[in-house]
Protein chains: 2
Amino acid sequence: MVRLRCTIYYDGSQFSGFQIQPKKRTIQGELERALKKMHKGSDIRIQASGRTDTGVHAKGQKIHFDSPYTIPTGNWKLALNTLLPGDLYIKDVTEVSETFHARYDVVEKEYRYYVTNEKEPDVFKRHYSYHFPYVLNVSKIKEACTYLEGTHDFTTFSSAKATTKGSKERTLFQVSCEQQGTELEFIFRGSGFLYNMVRIIVGVLLDVGQGRRNPEDINDLLKQKDRQLVGETIPPQGLYLWNVVYEEEPS
Amino acid sequence: MVRLRCTIYYDGSQFSGFQIQPKKRTIQGELERALKKMHKGSDIRIQASGRTDTGVHAKGQKIHFDSPYTIPTGNWKLALNTLLPGDLYIKDVTEVSETFHARYDVVEKEYRYYVTNEKEPDVFKRHYSYHFPYVLNVSKIKEACTYLEGTHDFTTFSSAKATTKGSKERTLFQVSCEQQGTELEFIFRGSGFLYNMVRIIVGVLLDVGQGRRNPEDINDLLKQKDRQLVGETIPPQGLYLWNVVYEEEPS
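Here the structure is a predicted model, which is why all the values come from computation and not from measurement.

Draft legend 1. Expanded view of the domain arrangement of chain A. All names here are of chain A. For chain A, the domain assignment lists domain 1 (2-96) and domain 2 (107-246). Taking only C-alpha atoms into account, the centre of domain 1 sits 28 Å from that of domain 2. Between domain 1 and domain 2, the residue contacts involve 17 residues of the former and 15 residues of the latter. On the domain 1 side of the contact with domain 2, D53, H57 and K59 bury the most area, a combined 37% of that side's loss. At the junction of domain 1 with domain 2, the criterion picks out 1 salt bridge. Of the charged contacts in the structure, one is a salt bridge between D53 and R199, with a shortest N-O distance of 3.5 Å.

Draft legend 2. Fine view of the interface of chain B and chain A. At the interface, 20 residues of chain B touch 20 residues of chain A. Between chain B and chain A lies a buried interface of about 1,700 Å² when both sides are counted; carbon and sulfur atoms form 60% of it. The interface formed by chain B and chain A holds 8 salt bridges in total. Put simply, the parts of the chain that give the side of chain B that touches chain A at least two residues each are β1 (2-10), β3 (57-67) and β4 (88-96) of chain B. Tallied by class, the residues present in the side of chain B that touches chain A amount to 10 nonpolar, 3 polar and 7 charged.

Draft legend 3. Region of interest: the packing of aromatic side chains. One pass over the full model with this rule turns up 27 aromatic pairs over all chains. A centroid spacing of 6.3 Å and a plane angle of 45° characterise the contact between Y10 of chain A and F18 of chain A, whose relative ring orientation is tilted. Like F18 of chain A, Y10 of chain A is buried. Each ring, one from Y240 of chain B and one from W242 of chain B, has its centre 6.1 Å from the other, and the planes form 65°; the classification is edge-to-face. Judged by relative accessible area, W242 of chain B falls into the partly exposed class, the value being 22%. Taken together, Y114, F124, Y128, Y240 and W242 of chain A together with Y114, F124, Y128, Y240 and W242 of chain B form an aromatic cluster joined through their ring pairs.

Draft legend 4. Broad picture of the side chain of S158 of chain A. Residues and elements named next belong to chain A. By the element assignment, S158 lies in the loop between β7 (150-153) and β8 (169-180). For S158, a relative accessible area of 1% corresponds to the buried category. Those residues in contact with S158 that sit more than four places away from it in its chain are K168, L194, Y195, I200 and R227.

Draft legend 5. Structural view of the relation of the copies chain B and chain A. With an axial shift of 0.0 Å and an RMSD of 0.0 Å, the rotation relating chain B to chain A amounts to 180°. Such a turn and shift between the copies fits a two-fold axis.

Draft legend 6. Region of interest: the UniProt feature "binding site: substrate" (unreviewed entry) in chain A. All names here are of chain A. The UniProt record annotates "binding site: substrate" (unreviewed entry) at Y111. Checked against the element boundaries, Y111 lands in strand β5 (residues 106-116). With a relative accessible area of 9%, Y111 lands in the buried category. Filtering out sequence-adjacent residues up to four positions away, Y111 remains in contact with F186, I187, F188, F193, V198, L239, Y240, L241 and W242.

Draft legend 7. Up close: the pairing of strand β10 (residues 239-246) of chain B. All names here are of chain B. Counting buried positions over the 8 residues of β10 gives 6, a clear majority of the element. The sheet contact formed by β3 and β10 spans 2 bridges and is parallel. From the neighbouring strand, A58 faces β10, where its bridge partner is L241. As paired elements, strand β5 (residues 106-116) and β10 share 7 bridges and run antiparallel to each other. Residue E110 lies in a different strand from β10, and its bridge partner there is N243.

Draft legend 8. Spatial organisation of unusual backbone geometry. All names here are of chain A. Not every positive phi belongs to a glycine, and K40 is a case in point at roughly 50°. Examined against the element boundaries, K40 turns out to sit in the loop between α1 (27-38) and β2 (47-48). The backbone of K225 sits at a positive phi, close to 45°, despite the residue not being glycine. Looking at the secondary structure, you find K225 in the loop between α5 (217-224) and β10 (239-246).

Rules used throughout
- Residues numbered from 1 in each chain as written.
- Chains lettered and ligands numbered in written order.
- Predicted model: local features only at pLDDT ≥ 70, side-chain atom pairs only at ≥ 80, totals over all residues.
- Heavy atoms only, no water.
- Domains from an automatic or database assignment.
- Contact = heavy atoms within 4.5 Å.
- Buried area = accessible area lost by both parts, 1.4 Å probe.
- Salt bridge = Lys/Arg side-chain N within 4 Å of Asp/Glu carboxyl O.
- Helix = DSSP H or I, 4+ residues; strand = E, 2+ residues; numbered from the N terminus.
- Nonpolar A, V, L, I, M, F, W, Y, C, P; charged D, E, K, R; others polar.
- Phe/Tyr/Trp six-rings, centres within 6.5 Å; stacked < 30°, edge-to-face > 60°.
- Buried < 20%, exposed > 50% of the residue type's maximum accessible area, 1.4 Å probe, protein only.
- Least-squares fit on C-alpha atoms with pLDDT ≥ 70 in both.
- UniProt positions renumbered as here; feature names shortened; annotations may be inferred.
- Pairing = 2+ DSSP bridges.

The following block contains the structure:
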């Protein structure tokens, strides 16, 4: 058996999320369907770095699977992409050690969230960015970002529906917001993320940008560990799983 | 009765083209459905500057319709956008004279065609640009563009299926190609366009870019008036109806 790791890109807009579900079009479902075809009907199970929700995109999701085939990695890429739909693309395939695990071995994940701060909606961005038509003070948002970096308990900023047991403590290496024209790019790099964490945080950062909260409120919110204190989870279409880093790689 | 002209934007990827068809989702169908709702069940017919095919987008399509209602144009815009789906947007509504006609009064149309010249496909652009993975000589393409400007019979560059009777002579005011990174932007401004004309022309310009034809061949192709001499109509997803100009407006 050979263990293979793939970097995958997907446009999440036409998928019911990552995880396989009966009668729904999912990323895992499409990948396993393609692998089954390549393996003459044998089921091949994939493992991902983590799931993504309906409408969430990926530019650097990682998965692994095991195969009895010994074929060059370039041919794996070609064969799988031929079998996959246009909104799901294998960027690279690497042979890894049989102890590698796409989820357990993650050392860093990067998410990005895009907000289009324009008065009118753009039909071409409706699946790819969150349209936010209100005036924003970006320097206040940048200030708030600094309070989020470091190691904190993120209970306040994670879904109450979360099934995760154990610690809600995570370390964020980078939290930033850059403005390019009417587009805001939020970058989050961290050791790990709780369910809905990026979407809840960006929602609060937009509150700060609107002057509905102060940047330094972030500290208190973190300390209070109460999901009820902050607003709704903002929509999925602005969110991209951008990169997943493992120890063995140089990047 | 009041005649109203609208500028409309649409992402054509989920529409079966502009023209209304039974059981298909079309731009005309969605617009007339919204207007019918606003007019308490009365049918309101729209007229467009012209149709667009399945998968073709618009950033400045124009339509007109007549209504017995006298409501401010800003309210028209708001009411219609509330009733329309997310991939179809009314950018503005203007009251025009009752002799105005969205098709017959056109003095200039602008189309743009986008080509992504990258080796690998991009899942996020699959509906919005034509992926062309081969090496291109852009200066040869630019040279070929100059032969297309002016007044010519464009029979060679129009669909053989075209039902248009009468002259195939059209005047192109601008034919240009600009490279921005791996993106090529083709701009066509003209008095009018034949069926599939832009998509056939860009196909030939890409042949020139690949060295499969010389820029000066365009002259001969125009003279020979034979659709069979040139390649296939390239895909719709790169094409945008960008603007429609009428005499009365300053542009």
